[in-house]
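# A closer look at the structure
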Amino acid sequence: MSIWPRTDSDVAAIDVIATDPVAGTAIEIALQPLPPEAVLAGMWTELESRSDSSFFLSWTWIGPWLALMPTGVEPQLLVARLDGETVGLALLCPRLRRRFGLLRSCRWLLHETGDRGFDRLFMEYNGILADRRFADEVTAAALHWLGGRLSANDELILGGLSIAAERAARRVAAETGQTLQVRVADSAQWVDFALVRAGGGDFRGGLGRNTRAAVNRAERLYRARGGLDYRVAATVEEALEDFAALEVLHQAGWQARGQAGAFANPSFRPFHERLIGTGVPRGTVRLCRIEAGGRPIGYLYNFVHRNRVLNYQGGFAFEDDNRLKPGLLSHVLAIEDAQARGEDCYDFMSTPAGHKPLLSNAEQPMNWLTLGPDRLGRRMEAHWRRTCGPVVEAAKRSLRGWTATAKGF
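Below you will find a few notes about this structure. Predicted model, so just to flag it, every value in this text is computed and none were measured.

The next thing to look at is the layout of surface pockets. If you add up the space inside the second largest pocket, you get close to 390 Å³. Lining the second largest pocket are 21 residues, with Asp52, Ser53, Ile128, Ser162 and Ala164 sitting closest to its centre. Listing elements by their share of the lining of the second largest pocket, those giving two or more residues are helix H3 (135–148) and helix H4 (163–176). By residue class, the composition of the lining of the second largest pocket is 9 nonpolar, 8 polar and 4 charged.

What follows concerns the side chain of Ser54. Residue placement: Ser54 occurs in the loop between helix H1 (37–48) and helix H2 (59–67). With near-sequence residues (within four places) excluded, Ser54 lies in contact with Glu124, Tyr125 and His305.

Relative orientation of the contacting elements H1 and H2 amounts to 160°, with a least axis distance of 10 Å. In terms of their interaxial angle, H1 and H2 are classed as roughly antiparallel. Note that H1 runs across H2; the crossing there is right-handed. Contact residues: Glu37, Leu40, Ala41, Trp44, Thr45 and Glu48 in H1; Trp59, Ile62 and Leu66 in H2. In the contact of H1 with H2, the residues fall into 6 nonpolar, 1 polar and 2 charged.

Each aromatic ring pair is characterised by the separation of its centres together with the angle its planes make. Taken as a whole and judged by the stated rule, the model has 19 aromatic pairs. Look at Trp61 and Phe303: their rings are 6.1 Å apart centre to centre, the planes differ by 75°, and that puts the pair in the edge-to-face class. Residue Trp61 is found in helix H2, and its partner Phe303 is found in strand S11 (residues 295–305); the two are separated by 242 residues along the sequence. Of the aromatic side chains, those joined through ring pairs into one cluster are Phe55, Phe56, Trp61, Phe243, Phe263, Phe268, Phe271, Tyr301, Phe303 and Tyr312. In this structure, Arg257 packs its charged tip against the face of Trp254, placed 4.3 Å from the ring centre. The lysine or arginine in question, Arg308, covers the ring of Trp190, its NZ or CZ lying 5.0 Å from the ring centre.

Right, let's get into the pattern of salt bridges. In a structure, side chains of opposite charge can pair up when their charged atoms sit close to one another. Following the criterion strictly, the structure yields 21 salt bridges and no others. Note that Arg133 is salt-bridged to Glu85, the shortest N-O span being 3.1 Å. In this pair, Arg133 is assigned in the loop between strand S6 (129–130) and H3 and Glu85 in strand S4 (residues 85–99), connecting sequence segments 48 residues apart. On the basis of relative accessibility, which here comes to 34%, the residue Glu85 falls in the partly exposed class. Within this structure, Glu46, Arg50, Glu85, Asp131 and Arg133 form a network of salt bridges that share partners.

Turning our eyes to something else, we now look at the pairing of strand S8 (residues 179–192). Where S8 lies against strand S14 (residues 362–372), 11 bridges are found, and the strand directions are antiparallel. Each bridged residue has a counterpart across the sheet, and for Thr179 the counterpart in S14 is Gly372. Inspection of the sheet shows S8 paired to strand S13 (residues 345–350) by 5 bridges, in the antiparallel sense. Bridging from a neighbouring strand, Trp190 pairs with Asp347 of S13.

Over its 15 residues, helix H9 (residues 326–340) runs 21 Å from end to end, which matches the ideal 21 Å to within 8%, given 1.5 Å per residue. H9 sits mainly inside the fold: 12 of its 15 residues count as buried. Of the residues making up H9, those classed as buried are Pro326, Gly327, Leu328, Leu329, Ser330, His331, Val332, Leu333, Ala334, Ile335, Asp337 and Ala338. Once H9 ends, the next one or two residues include Gly342, with phi positive near 80°.

Covered by surrounding structure in strand S7 (residues 155–158) are Glu155 and Ile157 together with Leu156 and Leu158, the residues of both alternating faces. Direction of pairing for S7 relative to S14: antiparallel, over a ladder of 3 bridges. Residue pairing in the sheet places Ile157 in a bridge with Thr370 of S14.

Let us now look at the environment of Val196. Mapping Val196 onto the fold places it in helix H5 (residues 193–198). Discounting chain neighbours no more than four positions away, the residues touching Val196 are Val191, Gly201, Asp202, Phe203, Gln339 and Asn361.

Turning next to the packing of helix H6 (residues 209–223) against H9. Contact geometry of H6 with H9 gives a least axis separation of 9 Å together with a crossing angle of 95°. Comparing their axes, H9 and H6 come out roughly perpendicular. Contacts from Thr211, Ala214, Val215, Ala218, Glu219 and Tyr222 of H6 reach H9 at Pro326, Leu328, Leu329 and Val332. Across the contact of H6 with H9, the residue classes break down as 8 nonpolar, 1 polar and 1 charged.

To continue, consider unusual backbone geometry. Positive phi outside glycine occurs at Phe122, with the angle close to 70°. By secondary structure assignment, the location of Phe122 is in the loop between strand S5 (103–110) and S6. Not every positive phi belongs to a glycine, and Met349 is a case in point at roughly 60°. Along the chain, Met349 turns up in strand S13.

What counts and how
- Residues numbered from 1 in each chain as written.
- Predicted model: local features only at pLDDT ≥ 70, side-chain atom pairs only at ≥ 80, totals over all residues.
- Heavy atoms only, no water.
- 1 Å grid on protein atoms, 1.4 Å probe; cavity = no way out; pocket = protein on both sides within 12 Å on 5 of 7 lines; lining within 4 Å.
- Points joined across faces, edges and corners; volume = space filled by probe spheres on them.
- Helix = DSSP H or I, 4+ residues; strand = E, 2+ residues; numbered from the N terminus.
- Nonpolar A, V, L, I, M, F, W, Y, C, P; charged D, E, K, R; others polar.
- Contact = heavy atoms within 4.5 Å.
- Axes fitted to C-alpha atoms, helices over the stretch in contact; angles between N-to-C directions.
- Parallel < 35°, antiparallel > 145°, perpendicular 65-115°, else oblique.
- Left-handed = near helix turned anticlockwise from the far one by under 90°.
- Phe/Tyr/Trp six-rings, centres within 6.5 Å; stacked < 30°, edge-to-face > 60°.
- Lys NZ or Arg CZ within 6 Å of the ring centre and 35° of its normal.
- Salt bridge = Lys/Arg side-chain N within 4 Å of Asp/Glu carboxyl O.
- Buried < 20%, exposed > 50% of the residue type's maximum accessible area, 1.4 Å probe, protein only.
- Pairing = 2+ DSSP bridges.
- Expected span 1.5 Å × (residues − 1).

Keep in mind these values describe shape, not function.
In structure tokens form, the structure reads like this:
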């Protein structure tokens, strides 16, 4: 049996009772072609208002993602219904491949496309958009349904999962006898302001002695240039100007290290310009500019969702004097600003690096997984990935000049 939807109808492709964990009533799952954009936007935003989902499952992110989809990618819409009410939505992209150049298989990617460049926009805190009343049940039902319809060589690609979604995926694997392989093991780190408040409310005072000294010294040196200013772009036009300036500093910093930088990805700028255009008026996108003596020393590109600030990108004016810490200081100022606004946390998201571990007080895993039938070909591929994959992948990226991550500190 295959996940691929039937094409003999314009309505739901496959409609199946998946589970019945809620008040004795079954959750029904359907996989179907995308409706017109306006219809999907209405469905998505209405369910989003009943959900506790992440920013990456908001229409602010999903809308531009769909609008700029690479040619040839045909997403399918998964719909979960309970008593006729939509309680879950997700987008799955099929991608045909041949394992070891021989075995034909299909990969179903959750909110990813399989296009290497486009997916470097980085979906994080991924999962099923679900009604908060039934979130765990809907996620489990959707993954059960999808996993149960994978053909022998097919796979479900689950990238950047939230803790709840990964927990559901592991339960599904255990209950169905399928294998769950870790493609990338990572973690997210953040500043939990509840912990800061419990410690007296002084974020900077709670840092390690060396980190606190480095921040304060950098601040004194920058203020000596004629003052230090932190501001948030108030309009789309101002935000786009800051984003363009961020690009210059970001690219200069990565290229100085012999790496390409996020903006070398041709999908990066158009996607985020569209995201900024819709997100700034809604207050969900925050471009921050930090100046010393009237000259920029740093830019931060952050998202704001459900009282959580998520740091996505930055660009900093590095100098020869290593006492100047533009990235470190910029983040500290942004953290203190978020705390003053009464927000819940400042999240660095995945890829702990640079100063992130020094500034964070909370952490959780964020993994990229593959779910599929237990087959020899998958076990061989997993073994190859563990032993040879990292070396080969690093060589490929080096040859392509593509070593920079989508996010930078």
